[in-house]
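Understanding the architecture of this molecule
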Amino acid sequence: MKKLCFCSALATILLLLSNSLESSPREDSPAATQEITVDANAPAHPFPHFWERMFGSGRAILSLRESYRNDLRETKRITGLEYVRFHAIFHDETGFYDEDANGNPKYNFSYVDQIYDGLLANHVRPFIELSFTPKKLSSDPNALHPFWYKQNVAPPRDWSKWEQLVETFARHLVERYGIEEVAQWYFEVWNEPNLDFWAGSPREATYYELYDRAARAIKRVNSRLRVGGPATAQAAWVDRFLAHCKEKNVSVDFASTHVYGNDKAEDVFGTHENIPRTRMVCRAVKKVHDQIAASPYPDTPLIWSEFNASYMNEPAVTDTAFIGPWMADTIRQCDGLTEMMSYWTFSDVFEEQGVVKTPFYGGFGLLAERSIPKAAFNDFVLLHQLGDVRLEANSDSALVTRRSNGEVAIAVWNLFLPEETGSPKTVTLHFKGFGSTHSARIAMVDNEHGSPLPAWNKMARPASPTLAQIETLRRAAALPSPREQNLTNDSLTLTLQPHALALIEMGK
């Protein structure tokens, strides 16, 4: 997770004012009618669902909770979830690492095994982040990050012991689960070493030492195991990291990095541009994609192991229907640039800032505490139903796709920044090449449909809802059933409310 989350009302207001200044004119004005041609015979290309194969979550120990596993199962049910990433598998709370009186390492795999057993039992594989430093191995036991769980971020006091730790860990996983299984996992070294998650000095050079030793340890276990990095924030270091791996002949099987919609251009691009959160993520992805193409390893897979519209707790961003059109437009822009993108996060079973104090506080998850679906959960339901082939279309507010059975699935949306008022948007789709098709099925999520917030507001926003209120909120959050609408002269007109995402399904 990037940086500390500043949750005060003042911080949110300042951020919204800043983003308002950054917003740029959009190609599609919400006030006007937009005309979109949907041609069944338009040029097409493969459209793998790169946005739903992996999700982030809180630290490792949380995965032992039944509430975490409930949310994992729910996310698996409605998406193409294959991998989950979390922090702090080496945190002392997992009990993994200790030393005897003579300083010899002692390993305990009890919780580690339960953690990975739990993922696999739910048909999800780990995207392993190798972090953080066990206190007995740390060069500074007091180098604790400000997050609530106080992970140690100092380099190891003994690099050989770090290398031995990683090798012992990876070897145990292969012995327990088999190489055919673990070869399908990923090992990512650390989390955001360019920020305060790494206290090495100088940061970049000491991170390379950390990476090199971890990568060599993993490959000693089995050359088929996949290792990569640098797992940086703000799309940093990837070009230099790959050059370093080439120079030192260190294995690298994938490159990973992060960016959030409200990151600043100064941090990501070294410029003073005003880039709105609707454009930041995929501009950063394109930057790193191009860096890899120009690197000594141009075929290295790019895995975006964290992203979201915000790294702060902003209820107007992550708790509302804004995420639907923002996510759809991010998919549109990032198509073809990355192998996987890991949405941060699938669940509000999450404690970086402490125990959750209220169900809707701007948490990053698709599901609020007590497994209450947010609008974002239903948005991912709709986006999952897109096909695996994308057809060209004359719109920046639509994704036209075809499924393997020949059906066409179209996402259209009404996107504007959270601090803007917005207005309804009329969209007319003109269909070509669909033969005798006369109707379409339409499913919709907006701030009034497929969201628990109206019901929560009606309850006067209880911080601790009763069991009956929790059930009411879950029912209120249910995705409305699709409606059937007839075409008129091979055209379909619909009105999208502010921050609406619609899925339109056409038969063969």
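Note: the structure precedes this text.
Residue positions are given per chain, counted from 1 along the sequence in the order it is written. The predicted nature of this model means local features are confined to residues of pLDDT at least 70 and side-chain atom pairs, given and counted, to a pLDDT of 80 or more, with totals for whole chains, interfaces and linings taken over all residues. The basis for every side-chain value is the complete set of heavy atoms in the structure, and neither hydrogens nor water enter the calculation.

**A few points about the overall build of the protein chain**
As a reminder of what qualifies: Per the convention used, a helix needs a DSSP run of H or I reaching at least four residues, while a strand needs a run of E reaching at least two, with both numbered from the N terminus. Here the radius of gyration uses the C-alpha set of atoms, whereas the globule reference equals 2.2 Å times the residue count to the power 0.38. For the exposure calls, accessible area comes from a 1.4 Å probe over protein chains only, and a residue counts as buried if that area is under 20% of its type's maximum, exposed if over 50%, partly exposed in between. Whether two residues touch is decided by their heavy atoms; if any such pair falls within 4.5 Å, the residues are in contact. The Shrake-Rupley method, run with a 1.4 Å probe sphere, supplies the accessible areas, and residue values consider only the shown protein chains as cover.
For the protein chain, the helix and strand inventory stands at 14 helices and 22 strands. The C-alpha radius of gyration computed for the protein chain amounts to 23 Å, which stays within 12% of the reference 23 Å derived for 508 residues, consistent with globular compactness. Along the first, second and third principal axes, the C-alpha atoms of the protein chain reach 80 × 55 × 45 Å. The buried share among the 508 residues of the protein chain stands at 59%. Taking the contacts inside the protein chain whose residues are at least 6 apart along the sequence as the reference set, 76% of them involve residues at least 24 apart. Carbon and sulfur atoms form 50% of the exposed surface of the protein chain, whose accessible area is close to 18,900 Å².

**Notes on the nonpolar core**
Put simply, the rule is: Think of a nonpolar core as a cluster: buried Ala, Val, Leu, Ile, Met, Phe, Trp, Tyr and Cys residues, connected wherever their side-chain atoms sit within 4.5 Å.
By size, the foremost hydrophobic cluster in this structure holds 116 residues, and its most contacted members are Tyr 116, Leu 130, Phe 169 and Phe 187. The element best represented in this core is helix H6 (residues 203-221), accounting for 9 residues. Apart from residues no more than four positions distant in its own chain, Phe 169 is found in contact with Ile 89, Phe 90, Phe 96, Phe 109, Val 112, Tyr 116, Ile 128, Leu 130 and Phe 187. In this structure, Leu 429, Phe 434, Leu 496 and Ile 504 belong to the second largest nonpolar core, which totals 25 residues.

**Topic: the state of the cysteines**
Stated formally: Note on terminology: pairs of cysteine sulfur atoms within 2.5 Å are recorded as disulfides.
Under the counting rule described, the total for this entry stands at 1 disulfide. Between Cys 282 and Cys 334 runs a disulfide, and the two sulfur atoms are separated by 1.9 Å. Residues Cys 282 and Cys 334 are joined through a disulfide that is left-handed, its torsion about the S-S bond being -110 degrees. Here Cys 334 lies in helix H11 (residues 323-334) and Cys 282 lies in helix H9 (residues 280-293), a separation of 52 residues in the sequence. With respect to burial, Cys 282 and Cys 334 carry one shared label: buried.

**Observations regarding the sheet that holds strand S21 (residues 491-496)**
Condition: Two strands pair under a simple rule: DSSP has to find at least two bridges between them. Each axis is a line fitted through C-alpha atoms, and for a helix only the stretch in contact is used; angles between axes span 0 to 180 degrees, taken between their N-to-C directions.
Strand order in the open sheet formed by 3 strands is S1-S18-S21, and the pairing between neighbours is mixed. Looking along the sheet, the strands with just one partner apiece sit at the ends: strand S1 (33-39) and S21. Between one strand axis and the next, the sheet turns by 20 degrees as a mean value, whatever way the strands run. Sheet topology places strand S18 (residues 425-432) next to S21; 6 bridges connect them, and they run antiparallel. What sits directly across from Val 427, in S21, is Leu 494.

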